[in-house]
Each structure stands twice: as C-alpha cells, then as structure tokens.
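# Understanding the architecture of this molecule
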Amino acid sequence: MATTLRLAPLFTNHMVLQQDQTTRFFGYAEPNQEVTVTISMGGSEDTVETGIADETGYFLIESISFLAPTIVTILVTSGTDKIILRDVQFGDVFLVAGQSNANFKMAQDDEYEHNKSMPMMNLRFINIPETQSTEDNPWQIVDGENIGDVTAMGYYMAKKIRQYDEYTPVGIVLCAKNGTSAASWVSEKTLMNDATLKAAYVDTKIPSLEESENLYDTMLSQVGPYRFKMLAWYQGERDAGIDTKHYGLLLKKLIREWRKTLKQNKLPTYIVQLPQYNKNIVNSWAEIREAQQQFAATENRVYLVTTMDEPSADEIHPSSKRQLGYRIIELYSNFGKFDEMQTSPQLSEISADVKQMRLNFSNCEQLETVYPIDLKWIMPGDVLKPAVIDLGTNDIKIQLEEDSLGLQYAYANVTTAGLWNENHTPVSPFRIYFD
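If you're wondering where the values come from, they're calculated on a predicted model, not measured in any experiment. Per-chain numbering applies: the sequence of each chain, read as written, is numbered from 1 onward. For a predicted model such as this one, the threshold for reporting local features is a pLDDT of at least 70, and the threshold for listing and counting side-chain atom pairs is 80 or more; totals across whole chains, interfaces and linings nevertheless cover every residue. By convention in this description, side-chain values take in all heavy atoms of the structure and omit both hydrogens and water.

### Brief notes about the packing of aromatic side chains
Convention followed: Pairs were defined over the aromatic rings of Phe, Tyr and Trp, the Trp ring being its six-membered one, requiring ring centres within 6.5 Å. Orientation was assigned from the angle between planes: stacked under 30 degrees, edge-to-face over 60, tilted for the rest. Helix numbering and strand numbering both begin at the N terminus, where a helix is a DSSP run of H or I of at least 4 residues and a strand a DSSP run of E of at least 2. Working definition: with a 1.4 Å probe on protein chains only, accessible area under 20% of the residue-type maximum means buried, over 50% means exposed, and in between means partly exposed. For a ring to carry a charge above it, either NZ of a lysine or CZ of an arginine must fall within 6 Å of the ring centroid while also lying within 35 degrees of the normal to the ring plane.
Counted by the stated rule, this structure contains 19 aromatic pairs. Arranged with centres 5.6 Å apart and planes meeting at 70°, the rings of Phe11 and Tyr226 form a pair that is edge-to-face. Note that Phe11 is positioned in the loop between β1 (6-7) and β2 (16-18) and Tyr226 in the loop between α7 (215-218) and β12 (230-234), a separation of 215 residues in sequence. Neither residue differs from the other here; Phe11 and Tyr226 are each classed as buried. By the ring-pair criterion, three or more aromatic residues cluster together here, those being Phe11, Phe25, Phe26, Tyr226 and Phe228. Geometry around Phe104 places Lys321 over its ring, the cationic atom sitting 3.9 Å from the centre.

### A closer look at the pattern of salt bridges
Going by this rule: Salt bridge, as used here, is a side-chain nitrogen of Lys or Arg placed within 4 Å of a carboxyl oxygen of Asp or Glu.
Per the counting criterion, the structure on display carries 14 salt bridges. Between Lys160 and Glu330 there is a salt bridge; the shortest N-O distance is 3.6 Å. With a gap of 170 residues between them, Lys160 in helix α3 (residues 152-164) and Glu330 in helix α11 (residues 322-333) connect regions that are remote in the sequence. Here Lys160 and Glu330 have matching classes, each one buried. Where Glu401 meets Lys385, a salt bridge forms, and the shortest distance between an N and an O atom there is 2.7 Å. Here Glu401, found in the loop between β21 (395-399) and β22 (406-409), pairs with Lys385, found in strand β19 (residues 383-386); they are 16 residues apart in sequence, far enough to count as distant. Classification of Glu401 as partly exposed rests on a relative accessible area of 24%. Each of Arg358, Asp395 and Lys397 takes part in one network of salt bridges that share partners.

### Focus: the sheet that holds strand β24 (residues 430-433)
What counts, and what does not: Strand pairing is assigned whenever DSSP identifies at least 2 bridges connecting the two strands. Every angle, taken between N-to-C directions, lies between 0 and 180 degrees, and every axis is a line fitted to C-alpha atoms, over only the stretch in contact when it is a helix.
Pairing within the open sheet is antiparallel, and its 4 strands lie in the order β19-β18-β22-β24. At either end of the open sheet lies a strand with only one pairing partner, and these are β19 and β24. Along the sheet, successive strands turn relative to each other by an average axial angle of 25°, direction set aside. Alignment of strand β18 (residues 375-379) against β22, held across 4 bridges, turns out to be antiparallel. Its bridge partner lying in β22, Leu375 is registered against Tyr409.

### Looking at the pairing of strand β3 (residues 23-28)
Counting buried positions along β3 yields 5 of 6 residues, so the element is predominantly enclosed. Direction of pairing for β1 relative to β3: antiparallel, over a ladder of 2 bridges. Its bridge partner lying in β3, Arg6 is registered against Tyr28. Across 6 bridges, the pairing between β3 and strand β6 (residues 58-63) is antiparallel. When the sheet's bridge partners are listed, Phe25 is paired in β6 with Ile61.

### Some points on the nonpolar core
The condition is simple: The term nonpolar core refers to a set of buried residues drawn from Ala, Val, Leu, Ile, Met, Phe, Trp, Tyr and Cys, joined through side-chain atoms within 4.5 Å. Contacts are assigned to residue pairs that have any heavy atoms within 4.5 Å of one another.
Grouped together as the largest cluster of nonpolar side chains are 106 residues, with contacts concentrated most on Ile74, Tyr226, Trp258 and Ile328. Per element, the largest residue contribution to this core is 9 residues, and it comes from strand β8 (residues 81-98). Not counting residues up to four positions away in its chain, the partners in contact with Trp258 are Leu95, Ala97, Trp185, Tyr216, Leu220, Leu231 and Trp233. Counting 20 residues, the second-largest nonpolar core is a separate cluster that includes Met357, Leu359, Met379 and Leu419.

### Considerations on the packing of α3 against α11
Two packed helices can be described by the angle between their axes and the distance between those axes. Note the cut-off: The cut-offs work like this: below 35 degrees is roughly parallel, past 145 is roughly antiparallel, 65 to 115 is roughly perpendicular, and the gaps in between are oblique. Note on convention: near helix rotated counterclockwise from far helix by under a right angle means a left-handed crossing. Clockwise means right-handed. In this classification, the charged set is Asp, Glu, Lys and Arg, the nonpolar set is Ala, Val, Leu, Ile, Met, Phe, Trp, Tyr, Cys and Pro, and all remaining amino acids, among them Gly, are polar.
Where α3 meets α11, the closest approach of the two axes is 7 Å, and the angle between their N-to-C directions is 50°. Looking at the two axes, α3 sits oblique to α11. In this structure, the crossing between α3 and α11 has a hand that is right-handed. Only Arg322, Leu324, Gly325, Tyr326, Ile328, Ile329, Glu330 and Ser333 of α11 make contact with α3, whose side of the interface consists of Met153, Tyr156, Met157, Lys159, Lys160, Ile161, Gln163 and Tyr164. Of the residues that constitute the contact of α3 with α11, the class distribution is 9 nonpolar, 3 polar and 4 charged.

### A look at the sheet that holds strand β16 (residues 356-362)
Spatial strand order, β15-β16-β21-β20: 4 strands in an open sheet with antiparallel pairing. Edge positions in the open sheet fall to β15 (346-352) and β20 (389-391), since each of these has one partner strand only. Going across the sheet, the axis of each strand differs from the next one's by a mean of 25°, ignoring polarity. Here β15 runs beside β16; their pairing, made up of 6 bridges, is antiparallel. Note on β16: the bridge partner recorded for Ile350 is Leu359.

Take a look at the structure:
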C-alpha cells in the first residue's frame, strides 16, 4: 500500500534544525488526518506535538526548539504511516542563495585541496535540486570525500563561525542556479501584480527567463518555511546584462517574498554586492551595485557586503570564496562579539559650506587608502573631473567644484576602490546628484 505521509525534502537523516526558535515540521498526509511529531533525546521525556492536515493534505506543526548541540531522533506518524529521522542536530542553519557565485563549489575553489585534507568538523549541508524530484537528496556530514560539493561561500562562512564558536553545529542549505535573473526567483504572481515588473520582465519576453523554470516554485518551495539563522544572497550578474533599471525594485520584492514564504519577516539578510568585472555593458555592474546598496540601506535587517577588493576583474567567478565567506560572518557577528549585526562601510552624511564639502562614512572608525581614490565630480556633458581630497578619520573633505552636477566614487564596472575602513572592508561605491 502506498504511503501518503511525506515530509518536505529538507527533512532527512543528519539534518540540522535551527536552535533557539520554534521548530517547524511540514509536508503532506491524508487530508484531514492527524499528524504526530515525537522528538526523542534518549533518556529524557519525549516532546510530542500534533496537528491536522488540511483539505489538500498539507500540514505544518510547530514544536519547541532545543539548544545546540542537542542530537535527537524524530518520529512522524499519521494513521499507519511513519517516518523516522535519525541523528538530527540542533545548531545554526544558514541559507545561501542566488546564482553561479553562490553555487560555486569547493571543488572549484583555489584552496580546495588544502581544505579537503582537513575538512571542517561538525558541518552539514544539503543542496536543493533545481527541479523537484522523488530521488533521495539527504543532508550530508562534510568529510574529505564530499567537501567538493559544498558551496564555497557557505563553507567559508561556517569556517569563520568556527573560529568564534567551537561547539555549535552548522547547517548550510544551498538554493542557487547558474545564470539566473532575480526575476526567476520570485513568484509569477509577484511579477504579474506589479505593473513595472510585468512590463520589464514578462511583457518583454526575455529569452533567458522564458527558457528557465520559475525557481521560486521549483526550488524555494522545497525550502519554506524551514527556520534559518540568516540568508546570504549573491546574485545580480545576469541582471547586469538584462535590465539594471528595475533591479532595485525586483530585489526588494524578492527578499520580502522570500521572508514571507519562510515565515521569518525579520530574517537577517546579507546582500553580496557585485565585485569588479570588465566584460559587460558599460557601468551595468556599477548600476546593480548601486541598486543593492540603496536597497540594503532602506530595508529592515538587510545588510551589504562589499567585494570591490576581489583580486581579478577578468573572471566573473572569483576563484577563492574565503575572503567573502569570512567577511559575511565578520559583519554578521561583529567580529565574534555577536552583539549587533554590521554592514559594510557606506556614505552616510553630506555637508557643505562655501568652499568645501564633507563626506561622512558609517561603520568606519578610521578610513584607510589602499589604492588611488576614484572620487570624481560629475560635470555637465557627462564629464568626470577628479576631486581634490583631504582624508580625515571617518570623513573626507573635498574642494567644491563650480557647476558640478554630482559626485561619484568607484562608479564603474572596474575601478580603483581605494577607500577601506580599519577592518580592511572596502567602502561601498556611490553616486549622488545635487538638487
């Protein structure tokens, strides 16, 4: 007799459940049938929760959480059906998502062989398949054999966490597909209900979007509403070649919809700002960076990760993700203090008198110059004129330029992003126009 009871694909042996938050179990059973979840620690009293599947068979049952590094066995029953999940750990679970740089695996990373010889302990991962499938796709415990299949960005995030926290198990969930626009990661309803997005991404019939499945339906649906500690989003390369004008609106709709789907409206979200790249439409990567920065600056619990110091502008996929993964966690944990989440340094305030303008920067106690500072006045006729700079502690003073229309810093696909803070994190590029 066929088994009706089934859990969402993320529920397998060796999974990691988010500590310190109520745990959600979801899947399908016989419609209107009772479903029971029993969590056993061995030697302690079991935790039992029940729920009823709706008319479609879908159920969602919430249970208390446990502190890391608790290991449990989970029994899910409905009628005569049962599912047993073994070696389930409570820890911190991170969702890594986007396109090819998020999907960049450790086997491709410059430091793969080194890490393969001494893989990180107490790390588990699962890669969401690009299409829904009945084939087994279990969580895996990282070892020397499978480390090459782990997202490199996520691996180095976990490795940095381990420097700050020796004991908490870490789970990495990868939900990414190469060469995809952000428009592929929102629901069709979201695109159709916004006139601007509908005109930009649906009515224009962009070939790359028509050829790909809606990844919100095929991939994210396998994830939500699992509990996560944080979302790290690395995407925008494809949109730099499609449409930069509407990317900011699209990104806002995407993150808001993902948070709603995951039922975590305040999920901390780190947006990886695009690095330098010299093989695309003039300023298209700069325009995507600008949209990413503006969204992160205005959306609650969204933070920016600058990558302007990646070493090669000739490769769309930087060949080492260690610096990026470390930086995400340095900002997220405030360098191991775990007191207040941080964002990359950015322009925060502008003031002026009759002779000079002063630019102040947030998340910066001491500005440093590493390369020439690409700060220029925007003059009539799209002429750019270098600004004369006086570097302060966390500010810059520049002599006013008559007839200037605006000011820009590192606003190009490839440039010398010479301003860093005391933690060697680059200041985010910016472009401003005066009223």
